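Understanding the architecture of this molecule
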Amino acid sequence: MTQTQKKRVVIKIGSSSLTSLHGEISRRKLEKIVDEVVRLKDDGHEVLLVSSGAVAAGYRKLGCLSRPSTLPEKQAAASIGQGLLIESYSDLFLSHGYVASQILITRSDFSDENRYENARNTINVLLERGIIPIINENDTITIDRLKFGDNDTLSAKVSALVDADKLIILSDIDGLYDADPRKNKDAKLLEKVHEITPEIEAAAGDPGSAVGTGGMKSKIDAFKITMASGIAAFLGKANAPNIIYDAVYQNARGTYFESKPETLNLDSKKQWIAFNSGPEGEVVIDEEGKDSIVVSKEGLLPGNIHHVKGRFKEGAVVRIKDVYGEDIGLGVVNYSSKKISQIVSMTEEEIAEYKQAAVEKKHLVCHLEVSVPVGV
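Residues numbered from 1 in each chain as written. Predicted model: local features only at pLDDT ≥ 70, side-chain atom pairs only at ≥ 80, totals over all residues. Heavy atoms only, no water.

Under an unreviewed UniProt entry, the name given to the protein chain is Glutamate 5-kinase, and the source organism is Thalassobacillus cyri. What UniProt records for the protein chain under Subcellular location (unreviewed entry) is the sentence "Cytoplasm". Within the UniProt record for the protein chain, the comment given under Function (unreviewed entry) is "Catalyzes the transfer of a phosphate group to glutamate to form L-glutamate 5-phosphate." (UniProt positions renumbered as here; feature names shortened; annotations may be inferred.)

Take a look at the structure:
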């Protein structure tokens with residue numbers, strides 16, 4: 001295999017793809033996944049796993065007869081299950097001569113740009129050394145308002161973080177259909193998707209598994225992120241033979257998501273702004289400012305700001321809205337909220353003295369650039 005053929009692949013594995021009907025880790029399912037990952041590694045690919053299963057693996061040993069519903073019980077179950085999960089993965093990969101590592105993260109690790117870059121650097125070192133990073137949200141300590149929501153979203157954000165070539169999401173359904181195949185026998189599998197349309201979003205149903213947290217809607221949201229980032233993705237059924245290996249080589253049954261070549265892809269800075277930053281305030285702009293961003297694809301001048309909401313420092317990420325409350329996008333501001341408030345109260349001649357843009361083009365993401373709401 002030549003260097004140009006080498007791919008960086010992120011594989012998201014849901015709880016139902018790892019556990020038995022009784023909620024325990026299924027050795028058979030785990031071995032299947034590991035065997036396919038090993039085949040990819042043997043071919044020279046770099047592989048990361050975003051693996052659910054900690055709560056599902058641990059709740060019975062916590063003494064619960066069914067998956068817990070309260071946050072403390074879920075976190076307690078995760079503290080048991082995470083150790084069991086990584087131990088099982090590590091033992092199996094070591095039997096094939098590969099080393100696995102564990103990375104537990106929270107949403108705040110992504111919203112802080114320095115920690116975001118540190119996570120990228122750490123994972124790159126692991127991949128360069130041939131290690132298989134196994135990533136999961138730190139369910140033991142994460143509170144709901146700081147959660148990614150589900151591992152579909154996490155896997156998409158990890159894919160963007162490491163500049164992956166492909167994201168593979170394994171599920172209990174063999175792809176995206178134009179209707180719910182469990183309710184409509186005439187539902188057709190969509191083999192290729194180049195754009196997330198309203199019709200596709202409407203076809204996204206409810207969660208299909210009793211042990212998972214993400215349904216088709218969360219997967220669609222994940223694919224919006226990968227498509228905006230120029231990353232190919234695939235959705236397929238976890239128990240299909242050779243599903244992971246075949247998906248990398250475009251031979252698997254399922255749905256392939258890939259943006260069109262002419263579609264604008266966000267660079268790493270804009271990816272962080274759009275999907276991870278967490279706005280600290282709000283800038284309300286006039287119609288001229290809106291045209292500059294939406295029509296002319298330019299930055300935002302101080303004179304086009306109507307007013308600000310909240311308090312923020314220079315360099316903060318803010319949400320940009322028009323005077324009617326419509327979301328325009330997100331951007332990194334070059335002035336504090338206090339300074340902007342002072343500027344907007346000045347005369348036109350005084351404002352003209354401020355030559356630096358309030359938000360530069362390279363640090364601004366218009367909502368029209370991506371098909372998923374920015375700042376989520």
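From this point, the narrative continues.
A few words on the overall build of the protein chain. Scanning the protein chain for helices and strands turns up 13 helices and 13 strands. In the protein chain, 72% of the contacts between residues at least 6 apart in sequence involve partners at least 24 apart. Surface accessibility of the protein chain: about 17600 Å² in total, with carbon and sulfur atoms responsible for 49%. (Helix = DSSP H or I, 4+ residues; strand = E, 2+ residues; numbered from the N terminus. Contact = heavy atoms within 4.5 Å. Areas by Shrake-Rupley, 256 points an atom, 1.4 Å probe, with all protein chains shown as cover.)

Structurally, the position occupied by Ser15 is in the loop between β1 (8–13) and α1 (27–42). Residue Ser15 is classed as buried on the basis of its relative accessible area, which comes to 8%. In sequence terms Ser15 and Ala57 are 42 residues apart; their C-alpha atoms lie 8.5 Å from each other. In this structure the side chain of Ser15 is engaged in a polar contact, spanning 3.5 Å, whose partner is the backbone nitrogen of Gly53. (Buried < 20%, exposed > 50% of the residue type's maximum accessible area, 1.4 Å probe, protein only. Polar contact = N/O pair within 3.5 Å; in protein donor to acceptor, adjacent residues only side chain to side chain.)

What follows concerns the side chain of Ser17. Mapping Ser17 onto the fold places it in the loop between β1 and α1. Sequence-distant contacts of Ser17, that is, excluding residues within four places in its chain, are made with Lys29, Ile33, Leu170, Ser171 and Ala238.

Following the criterion strictly, the structure yields six aromatic pairs and no others. Here the aromatic rings of Phe110 and Tyr116 are separated by 5.4 Å at their centres, their planes lie at 80°, and the arrangement is edge-to-face. Each member of the pair, Phe110 as well as Tyr116, is classed as buried. Between Phe223 and Phe257 the ring centres are 3.9 Å apart and the planes differ by 15°, which places this aromatic pair in the stacked class. Of this pair, Phe223 sits in helix α8 (residues 216–228) while Phe257 sits in strand β8 (residues 255–257); the two residues are 34 residues apart in sequence, bridging distant segments of the chain. (Phe/Tyr/Trp six-rings, centres within 6.5 Å; stacked < 30°, edge-to-face > 60°.)

Let us look at the nonpolar core. One recurring pattern in soluble globular proteins: nonpolar side chains tend to sit buried together. Membership of the largest hydrophobic core comes to 49 residues, with the highest contact counts inside it found for Val10, Leu48, Ile123, Ile135, Val158, Ile220 and Phe257. Among the elements that take part in this core, α8 stands out by supplying seven residues, more than any other. Three or more residues apiece are contributed to this core by two domains, here domain 1 (8–257) and domain 2 (279–366). If we skip the residues at most four places from it in the chain, Leu48 touches Arg8, Val9, Val10, Ile11, Ile123, Leu127, Pro133, Ile135, Val158 and Val162. Core analysis: the next-biggest nonpolar cluster, separate from the first, contains 32 residues, Leu85, Leu170, Phe234 and Val248 among them. (Core = buried A, V, L, I, M, F, W, Y, C linked by side-chain atoms within 4.5 Å. Domains from an automatic or database assignment.)

Attention shifts here to the sheet that holds strand β9 (residues 281–285). Pairing within the open sheet is mixed, and its five strands lie in the order β10-β9-β11-β12-β13. With partners counted over all chains shown, the strands left at the sheet margins are β10 (305–309) and β13 (359–366), one partner each. On average, each strand axis in the sheet is inclined to that of its neighbour by 30°, with strand direction left out of account. Sheet topology places β9 next to strand β11 (residues 317–322); five bridges connect them, and they run parallel. By the bridge assignment for β11, Val283 is matched with Ile320. Seen against the sheet, helix α10 (residues 268–275) touches β11, β12 (327–333) and β13 and runs at an angle of roughly 55° to β13. (Pairing = 2+ DSSP bridges. Axes fitted to C-alpha atoms, helices over the stretch in contact; angles between N-to-C directions.)

Orientation of helix α6 (residues 151–161) relative to α8, taken along the N-to-C sense of each, is 10°, at an axis distance of 8 Å. Considered as vectors, α6 and α8 are oriented roughly parallel to each other. In contact with Asp152, Thr153, Ala156 and Lys157 of α6, α8 contributes Ser218, Lys219, Ala222, Ile225 and Thr226. Looking at the contact of α6 with α8 residue by residue, the classes come out as three nonpolar, three polar and three charged. (Parallel < 35°, antiparallel > 145°, perpendicular 65-115°, else oblique. Nonpolar A, V, L, I, M, F, W, Y, C, P; charged D, E, K, R; others polar.)

Okay, unusual backbone geometry next. With a phi angle near 55°, Asn242 is a residue other than glycine that sits in the positive phi range. Counting through the fold element by element, Asn242 comes out in the loop between β7 (232–237) and α9 (243–248). Not every positive phi belongs to a glycine, and Gln250 is a case in point at roughly 65°. With respect to the helices and strands, the residue Gln250 is situated in the loop between α9 and β8.

Before going further, it helps to examine the pairing of β1. Counting buried residues in β1 gives six out of six residues, a clear majority hidden from the surface. Going residue by residue along β1, you find Arg8, Val10 and Lys12 tucked away on one face and Val9, Ile11 and Ile13 tucked away on the opposite face as well. For β1 and strand β2 (residues 46–51), the ladder comprises six bridges, and the chain directions are parallel. Across the sheet, Val9 pairs through a bridge with Val47, a residue of β2. Of the strand pairs in this sheet, β1 and strand β5 (residues 166–171) are connected by five bridges, and their pairing is parallel. The residue bridging Ile11 from the neighbouring strand is Ile168, located in β5.

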